[in-house]
Amino acid sequence: MADRYYCAEPIQGSSVTLSGSEAHHLLHVMRAQPGLELVLFDGCGGEYRAEVVRCKRSTVELVVGPQQEIERELPFALTLAVALPKGDRQRWLIEKAVELGVTRLVPLRTARSVGNPKPERLNRYVIEASKQCGRNRLMELASACGWDEFETIETRGSRVFAHPGGVPFGQIGHDGTSDLTIAVGPEGGFTDEEAASAEGAGWAVVGLGSRILRIETAAVALVAAATTA
Ligand code: SAM
């Protein structure tokens, strides 16, 4: 796969000027010169072959070919609602969610959540992972949402709540094609009250075996189970 660069503006017409970190990478890491060929995507679907025509101090101008309608999305909408861990673990989780095809990620605030996700930083992780894995649509990053609100407003498709002692994912009867929402709790776990109200609101409580997994392990394990079923 040719090197991929993200264009923050929707690509229209036959030329694009890259600025910011993408131009910086081309100019100062790749030492780009006119004639360099690469792939551009704007996160809205499809990708474009492009060629560098001019390198300036902080911008790179390219000619752009027609849109190639290449999609690498899942056949259903997959939402991951998760109480994000901190630091490098947060970055790892976002990266794996993008690679595995999660459509939308909702940072959850629960009774035992820690940390305060920074949307700009999360968005940068999404772009970097999309460049690497070939996704042409950016994973949507929703605003942080409290669990008590999310458990009731989220009504699309099957809804799965990860909690030790629940049933295996294979038993909930997801057909691999209909929309799915997965919720994963914080390091301290969902409280008994949160678990009880999720069940009351119709969420399926799913267990992941007899060991307690870190947040990001649980999230990746469930997403992988759902996308390879
Ligand atoms: N002491 C907490 C508890 O017992 O719930 C551990 C929380 S765990 C580090 C973080 C989150 O990952 C949990 O809230 C749950 O959503 C998910 N998780 C971890 N291990 C799990 C398992 N064996 N089965 C189901 N969910 C699990």
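On to the environment of Glu 120, then. As for its position among the elements, Glu 120 is in helix 3 (residues 119-133). You can call Glu 120 exposed: its relative accessible area is 73%. As for Glu 120 and Leu 141, which are separated by 21 residues in sequence, their C-alpha atoms are 10.0 Å apart.

For soluble globular proteins, nonpolar side chains are generally found buried alongside one another. Among the nonpolar cores identified, the biggest contains 29 residues, and Leu 80, Ile 94, Ile 182 and Val 184 are the most heavily contacted of them. Mapped onto this core, the elements with two or more residues apiece are strand 6 (78-82), helix 2 (87-100), helix 3, strand 10 (158-167), strand 11 (180-184) and helix 6 (215-227). Broken down by element, the residue count for this core peaks at six residues, all from helix 6. With residues near it in sequence (within four places) discarded, Ile 182 still touches Leu 78, Thr 79, Leu 80, Ala 81, Val 160, Leu 222, Val 223 and Ala 226. Judged by nonpolar contacts, the second largest core, of 17 residues, contains Val 16, Leu 27, Leu 38 and Val 60.

In the neighbourhood of the ligand, 19 residues make up the surrounding shell, with Ala 162, Gly 185, Leu 208, Arg 211 and Leu 213 lying closest. In the environment of the ligand, a nitrogen atom lies 3.3 Å from a nitrogen or oxygen atom belonging to the backbone of His 163. Taking Leu 213, its main chain carries an N or O atom lying 2.9 Å from a nitrogen atom of the ligand. Here the ligand, which alone exposes 560 Å², has 87% of that area covered by the protein. If one sorts the elements of the shell around the ligand by residue count, strand 10 sits on top with three residues. Of the residues that constitute the shell around the ligand, the class distribution is 11 nonpolar, six polar and two charged.

Rules used throughout
Residues numbered from 1 in each chain as written. Predicted model: local features only at pLDDT ≥ 70, side-chain atom pairs only at ≥ 80, totals over all residues. Heavy atoms only, no water. Helix = DSSP H or I, 4+ residues; strand = E, 2+ residues; numbered from the N terminus. Buried < 20%, exposed > 50% of the residue type's maximum accessible area, 1.4 Å probe, protein only. Core = buried A, V, L, I, M, F, W, Y, C linked by side-chain atoms within 4.5 Å. Contact = heavy atoms within 4.5 Å. Near = heavy atom within 4 Å. Polar contact = N/O pair within 3.5 Å; in protein donor to acceptor, adjacent residues only side chain to side chain. Areas by Shrake-Rupley, 256 points an atom, 1.4 Å probe, with all protein chains shown as cover. Nonpolar A, V, L, I, M, F, W, Y, C, P; charged D, E, K, R; others polar.

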